[in-house]
Amino acid sequence: MSNWRVGVEHVVAITGLTHEGMGVGRIDNRVVFVPQAIPGDQVRLRLVHVKERLAYGELLRVVEPSPQRRAPSCPHALLCGGCQLQHMDYAAQLRWKRQQVVDALERLGGLEVEVLATLGMADPYHYRNKAQLPLGRQGGQLVMGFFQRGSHDIVDLHTCEIQHPLITKLALAVKRAAGELGIEPYDEVRHSGVLRHAVIRVSFAQGKLMLILVTRTRELPHSAELIARLTREIPELVSVVHNINPRVTNVILGRETQVLWGEEHLLDAVGHLRYAISPLSFFQVNPVQTRVLYDLVRQNLRLTGAETVLDLYCGAGTIGLYVAAQAGQVIGVESVSAAVEDARRNAELNGIANAEFHVGRAEEELPKLIQKHTAIDAAIVDPPRKGCDAAVLRALSAAGVPRLVYVSCNPSTLARDLSQLAGLGYRLGPVQPVDMFPWTRHVETGVLMSRL
Ligand SMILES: C[S@@+](CC[C@H](N)C(=O)[O-])C[C@H]1O[C@@H](n2cnc3c(N)ncnc32)[C@H](O)[C@@H]1O
């Protein structure tokens, strides 16, 4: 009988790692993907999903460990979908992340560019300033945590090695309080129940917390008792926000938000700048490495104080404001209006008078800005995972912007966009991966480009 079917066990040498963090091995010229396995491992696996040329295996036992393997230090590592590389030595992760960028640029972009060693963290733990935690019921118990890898079952959180400890402390208090007050968690299957997610943000600079409770219903039952209890138990909590998301959707946040108690913003800092962050605005999740990334951007821009600098996809204006003291003028563009309000407030908060921010899509706002400002000397582009609209890159090139710094959280779209920019006459400088997300598969990269 064929050995290529569900349930059959094999011993396989793992030789690669996908961008999702799954080990890759071969069985008679067919490919098998194995979560929790890394290159250099010999593993015993059971086939769990089989197609003609490829299959997925469940790791049963590591027969011979890779020299890059470590024992995961988090008790949730096996199931939790939050980290994918808990079982890989940190130095090996950094090398793998660099290789991810090299491979994407070569294979997808057809580019040969110098890629520097990944800038890692000296202490790669407890770095996250934000967590989005779903709630639910499992076996009658209220649970709250992270989705399991590849499913919507919730891993009930007790501890987390990548979140700031205050986030975990508040998360556990929310779960306890919701359970004791009888606030029903959301049921995804029936689209019933109340509390869908707790989104928690922490300011590293101030050690303060913001809690966003996302409900399906307009009302949050027992909200007064809940707030009284949480603020008593967690003195670091300074803001409680209610967000309503009545839709059947995987999107976490709904459109309606109101502050129930305390501050409207969380105050944080990166390097010399202070930032006010509103509940729904994008803010980089790793403040320690954000500083490394922003310093890299500033260095690469080589500003003299006279330049007009665009900050496209600017979020709460964080990068543009970071470099404003070295620029003549900074112009930010961002599609979320609350983030632009934050950006303007942040300029004021830091006494920065040479920065302006526009609400709109980069692809629509850029042509108008180019018409208005005769010379744009440099641009920072930091798009979401899907990368830049091709029209944005064409417009930057047509306007003759001499220097670009591209910040990317997705090597595939980075490769596509850099390839377009190379075709438009930009020379690609060294590519610098920065590890914003230790123990996960995610890779952040900064690249300098100058016009030939
Ligand atoms: C990766 S974040 C970068 C934010 C910021 N540069 C920072 O470092 O905090 C990408 C931002 O692009 C915004 N965005 C998404 N699509 C956009 C578009 N078409 N035009 C302008 N902004 C967009 C998102 O709302 C988000 O704030």
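Asks: Which residues make up the pattern of salt bridges, and what values do they have?
Replies: A full pass over the atoms with the stated rule returns 19 salt bridges. Linking Arg44 and Glu9 is a salt bridge whose minimum nitrogen-to-oxygen distance equals 3.0 Å. Of this pair, Arg44 sits in strand β4 (residues 42–50) while Glu9 sits in strand β1 (residues 9–17), placing them 35 residues apart in sequence. For Arg44, a relative accessible area of 28% gives the class partly exposed. Overall, the relative accessible area of 37% leaves Glu9 in the partly exposed class. Between Arg176 and Glu233 there is a salt bridge, with the nearest N and O atoms lying 3.3 Å from each other. Highlighted residues: Arg176 in helix α2 (residues 165–181) and Glu233 in helix α3 (residues 223–233), separated in sequence by 57 residues. Relative accessible area serves as the criterion here: at 32%, Glu233 is assigned to the partly exposed category. Linked by salt bridges that have partners in common, Glu9, Arg44, Arg46 and Glu58 make up one network.

Asks: Summarise the domain arrangement of the protein; cite the residues concerned and give the values.
Replies: Taken domain by domain, the protein holds domain 1 (9–64), domain 2 (102–121 + 286–451) and domain 3 (130–269). Here the C-alpha centroids of domain 2 and domain 3 sit 32 Å apart. Taken together, the 7 residues of domain 2 in the interface contact 4 residues of domain 3. Carbon and sulfur atoms supply 78% of the area buried between domain 2 and domain 3, which totals about 410 Å² over both sides. Summed over the shared surface of domain 2 and domain 3, the number is 0 salt bridges. Inspection of the domain 2/domain 3 interface yields 1 residue pair in polar contact (both at pLDDT 80 or more). For the side of domain 2 that touches domain 3, a count of residues per class yields 4 nonpolar, 1 polar and 2 charged.

The rules behind each value
Residues numbered from 1 in each chain as written. Predicted model: local features only at pLDDT ≥ 70, side-chain atom pairs only at ≥ 80, totals over all residues. Heavy atoms only, no water. Salt bridge = Lys/Arg side-chain N within 4 Å of Asp/Glu carboxyl O. Helix = DSSP H or I, 4+ residues; strand = E, 2+ residues; numbered from the N terminus. Buried < 20%, exposed > 50% of the residue type's maximum accessible area, 1.4 Å probe, protein only. Domains from an automatic or database assignment. Contact = heavy atoms within 4.5 Å. Buried area = accessible area lost by both parts, 1.4 Å probe. Polar contact = N/O pair within 3.5 Å; in protein donor to acceptor, adjacent residues only side chain to side chain. Nonpolar A, V, L, I, M, F, W, Y, C, P; charged D, E, K, R; others polar.

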